[in-house]
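Tertiary structure, described
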Amino acid sequence: MSDRFLEGRTALITGSTQGIGLAIAEALAAAGCHIGLHGLADKQTVEAAKQRLQDAGAQDIRYFDADLRSPDAIEAMMADTAGCGGVDILVNNAGVQRTASLADADRKTWDTILAVNLSAAFHTMRLAMPAMGERGYGRVVNIASVHGLVASVDKAPYVASKFGIVGLSRVSALEYASRGDRVSGGVTVNCICPGWTETELIEPQIDARTQIVGGGRDAGIADLLKEKQPTLRMSEPSEIGSLAVWLCHRHAHNITGTAIPVDGGWTAQ
Ligand code: NAD
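An account of the accompanying structure is given in this report. (Residues numbered from 1 in each chain as written. Predicted model: local features only at pLDDT ≥ 70, side-chain atom pairs only at ≥ 80, totals over all residues. Heavy atoms only, no water.)

1. With respect to the packing of helix 4 (residues 107-135) against helix 5 (residues 156-176)
Angle between the axes and distance between the axes are the two parameters that describe a pair of packed helices. Worth spelling out the cut-off: Between N-to-C directions, angles cover 0 to 180 degrees, with each direction set by a line fitted to C-alpha atoms, over the stretch in contact for helices. Going along the chain from the N terminus, every DSSP run of H or I of four or more residues is numbered as a helix, and every run of E of two or more is numbered as a strand. Angles are sorted into four bins: roughly parallel if under 35 degrees, roughly antiparallel if over 145, roughly perpendicular if 65 to 115, and oblique for all others. Crossing handedness follows the turn of the near helix against the far one: under a right angle anticlockwise gives a left-handed crossing, and clockwise gives a right-handed one. Only heavy atoms matter for contacts: two residues are in contact if any of them lie within 4.5 Å across the pair. Under the scheme applied here, ten amino acids are nonpolar (Ala, Val, Leu, Ile, Met, Phe, Trp, Tyr, Cys and Pro), four are charged (Asp, Glu, Lys and Arg), and all others, including Gly, are polar.
Closest axis-to-axis distance for the helix 4/helix 5 pair is 9 Å, and the angle between their directions is 10 degrees. In terms of their interaxial angle, helix 4 and helix 5 are classed as roughly parallel. Note that helix 4 runs across helix 5; the crossing there is right-handed. Between helix 4 and helix 5, the residues in contact are Thr109, Trp110, Ile113, Leu114, Asn117, Leu118, Ala121, Phe122, Met125, Met129, Pro130 and Gly133 and Ala156, Pro157, Tyr158, Ala160, Ser161, Lys162, Gly164, Ile165, Leu168, Ser172 and Tyr176, respectively. Its residues assigned to classes, the contact of helix 4 with helix 5 shows 16 nonpolar, 6 polar and 1 charged.

Structure (structure tokens):
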């Protein structure tokens, strides 16, 4: 998208130092947003992400390193953004994933996945959305998953967190539905539900499958896709970025409370 229709808007994208979050931040930067870059990363990774955002057209980038397992750290980050005018666009993207059967998943796995994937979004939304309501424009884009719509074995905490964020998004979409108007753009809350998407998050699952099927990484990926994703193609993070930006347009004012799959037909089955 070349047109800078979001010029001057401020976007906070959690977990944007890499992967899907960075691709969304790049797409928002290209559309004219000031960027709140966020994630747990070393200095080199943060600098590389900043460079990519500048190359995409970002004129103002602020980096936040709040650990999303800590509500206090989230509150401090949101107070900081509020002090600088607040966020117009909030993308709750940060996520963690660990696979284990219900019997083998320990307490720490559950607590971490629920805190990062679900509770953090509750905190950022409750703190950012009142100002969006007052302005009559706001966008919350929550990166759920195909696992917010259907289940798979060995992912109980992850699936619970993603179903949870779909529910949280629907409630907040209803609570803010009547704020603003067509001209201001309204306040909307939607989930994007990706299937397999090329990022570091899924490398352990690719490795595990490659060990089982043999024949190298491509064979492992092909086997994962064959099982669930009928197009047999992974998504690129930039494709999720394009959809996220599109949802931020004023003409998307009546799209709220949805959970949009980008899953190659996974949930059509
Ligand atoms: P990734 O591992 O590449 O990036 C995760 C980001 O979250 C990083 O920036 C990391 O620093 C941040 N993060 C993790 N724990 C954090 C913490 N405690 N505090 C602050 N930041 C933290 O992952 P990705 O694949 O880009 O995933 C992004 C989102 O997309 C996640 O919510 C994930 O569940 C979802 N998703 C991914 C896929 C996929 O196939 N990659 C599929 C469906 C959904």
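2. A few points about the site of the ligand
What counts, and what does not: The near set for a molecule or strand comprises every residue that places at least one heavy atom within 4 Å of it. Polar contact is defined as a pair of N or O atoms within 3.5 Å, subject to the rule that within protein one atom must be able to donate a hydrogen and the other to accept it, and that residues adjacent in sequence are counted only when both atoms are side-chain atoms. Shrake-Rupley sampling with a 1.4 Å probe provides the accessible areas, and residues are treated as covered by the protein chains on show and by no other component. Definitions used for this entry: grid spacing 1 Å over protein atoms alone; cavity, a set of points where a 1.4 Å probe fits but cannot get out; pocket, an open set with protein on both sides within 12 Å along at least 5 of 7 lines; lining residue, one with an atom within 4 Å of a point. To qualify as sitting in a cavity or pocket, a molecule needs more than half of its atoms within 2 Å of the grid points.
Of all residues adjacent to the ligand, which total 30 residues, the nearest are Gln18, Ile20, Asn93, Tyr158 and Thr199. A distance of 2.6 Å is found between an oxygen atom of the ligand and a side-chain nitrogen or oxygen belonging to Tyr158. The contact in question runs from an oxygen atom of the ligand to an N or O atom on the backbone of Thr197, over 2.8 Å. Bound to the protein, the ligand loses 93% of the 840 Å² it would expose on its own. Its atoms largely coinciding with the cavity grid, the ligand occupies the largest pocket. Among the elements of the structure, helix 1 (19-30) and helix 5 are those that each provide at least two residues to the shell around the ligand. Partitioned by chemical class, the residues of the shell around the ligand number 14 nonpolar, 13 polar and 3 charged.

3. Details of the pattern of salt bridges
Inclusion rule: By salt bridge we mean one thing: a side-chain nitrogen of Lys or Arg within 4 Å of a carboxyl oxygen of Asp or Glu.
If you walk through the whole model with that rule in mind, you get 12 salt bridges. Counted as one network, the salt bridges with shared partners bring together Arg209, Asp223, Lys226 and Glu227.

4. Section: the sheet that holds strand 3 (residues 61-64)
Put simply, the rule is: When DSSP finds two or more bridges between two strands, those strands count as paired.
Taken in spatial order, the 7 strands of this open sheet run 3-2-1-4-5-6-7, and their pairing is parallel. Only two strands of the sheet have a single partner each, and these edge strands are strand 3 and strand 7 (259-262). Along the sheet, successive strands turn relative to each other by an average axial angle of 15 degrees, direction set aside. As judged from the 4 bridges shared by strand 2 (residues 34-38) and strand 3, these two strands associate in the parallel manner. When the sheet's bridge partners are listed, His38 is paired in strand 3 with Phe64.

5. Quick look at helix 5
In an α-helix, one turn spans 3.6 residues, which is why side chains three or four residues apart end up on the same side. The criterion, for reference: Helix span is expected to be 1.5 Å times the residue number reduced by one. Partly exposed residues are those whose accessible area sits between 20% and 50% of the maximum for their type, while under 20% is buried and over 50% is exposed, using a 1.4 Å probe and protein chains only.
Compared with an ideal rise of 1.5 Å per residue, which puts 21 residues at 30 Å, helix 5 spans 30 Å between its outermost C-alpha atoms and is within 8% of the ideal. Buried within helix 5 are the following residues: Pro157, Tyr158, Val159, Ser161, Lys162, Ile165, Val166, Ser169, Ser172, Ala173 and Tyr176.

6. Quick look at empty space enclosed by the protein
We count it as follows: Grid points are joined across faces, edges and corners, and a volume is the space filled by probe spheres set on the points.
The tally for this structure, following the rule as stated, stands at 1 cavity of 30 Å³ or more. Roughly 60 Å³ of volume is contained in the largest cavity. Contributing to the lining of the largest cavity are Thr14, Leu68, Asn92, Asn93, Ala94, Val116, Asn117, Ala120, Ala121, Ile143, Lys162 and Ile165. Counting only elements with at least two residues in the lining of the largest cavity, the list comes to helix 4 and helix 5. Split into classes, the residues belonging to the lining of the largest cavity amount to 7 nonpolar, 4 polar and 1 charged.

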